[in-house]
Amino acid sequence: MPSRADNSGQVRIVVIVQYARRTADGEYDAGRCREIGVITAYCKGMNRCPDWINE
């Protein structure tokens, strides 16, 4: 599927946030009273987000 906005000219972006002391797989631990934050985002329904998203 080519990278393009839908007919309304909009792009759907999905954002997933993890904020915890340990990662889900337990590989990393920030230590007592500290947290690790990870933010992942992607354009839904596209193979690649439009270039203007990263500008």
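Every residue gets a number counted from 1 within its own chain, in the order that chain's sequence is written. Note on the predicted model: pLDDT of at least 70 is required for a residue's local features to be given, and 80 or more for side-chain atom pairs to be given and counted; whole-chain, interface and lining totals, by contrast, use all residues. With hydrogens and water stripped out, all remaining heavy atoms of the structure feed into the side-chain values.

Peer 1: I'd love a proper account of the environment of arginine 22, names of residues and values included.
Peer 2: Runs of H or I in DSSP of at least four residues are treated as helices and runs of E of at least two as strands, each being numbered from the N terminus. Within the element layout of this structure, arginine 22 appears in the loop between β1 (13-20) and β2 (36-43). Along the chain, arginine 22 and isoleucine 36 lie 14 residues apart, while their C-alpha atoms are 6.8 Å from each other. We call two residues contacting when some pair of their heavy atoms lies within 4.5 Å. Excluding its chain neighbours within four sequence positions, the residues that come into contact with arginine 22 are Tyr28 and Asp29. Polar contacts, as counted here, are pairs of nitrogen or oxygen atoms within 3.5 Å of one another; within protein the pair requires one atom able to donate a hydrogen and one able to accept it, and residues that are adjacent in sequence qualify only if both atoms are side-chain atoms. A polar atom in the side chain of arginine 22 sits 3.0 Å from the side chain of aspartate 29.

Peer 1: Quick rundown of the state of the cysteines? Include the residues and the values.
Peer 2: The disulfide criterion is simple: two cysteine sulfur atoms within 2.5 Å. Evaluation of the coordinates by the stated rule reveals 1 disulfide. Sulfur-sulfur distance for the disulfide between cysteine 43 and cysteine 49 comes to 2.1 Å. One disulfide, between cysteine 43 and cysteine 49, carries an S-S torsion of 120° and so falls in the right-handed class.

Peer 1: Can you explain unusual backbone geometry? Please cite residues and give values.
Peer 2: A positive phi is found at cysteine 33, a non-glycine position, where the angle reads about 65°. Following the sequence through the fold, cysteine 33 ends up in the loop between β1 and β2.

Peer 1: Could you give an account of a nonpolar patch on the surface, with specific residues and numbers?
Peer 2: Patches here: salt-bridge-free residues with over 30% relative accessible area, like charges joined within 9 Å, nonpolar side chains (Val, Leu, Ile, Met, Phe, Trp, Tyr) joined within 5 Å. Per-residue accessibility takes into account occlusion by the displayed protein chains alone, with areas from the Shrake-Rupley method and a 1.4 Å probe. Put simply, a salt bridge is a Lys or Arg side-chain nitrogen that is within 4 Å of an Asp or Glu carboxyl oxygen. A grouping of Ile13, Val15, Val17, Tyr19 and Ile39 is seen on the molecular surface, where their side chains present a nonpolar patch of about 570 Å² in accessible area. By residue number, the principal contributor to the nonpolar patch is β1, which donates 4 residues. Each residue gets one of three labels from its accessible area relative to the maximum for its type: buried under 20%, exposed over 50%, partly exposed in between, using a 1.4 Å probe on protein chains only. By relative accessible area, which is 47% here, isoleucine 13 ends up partly exposed.

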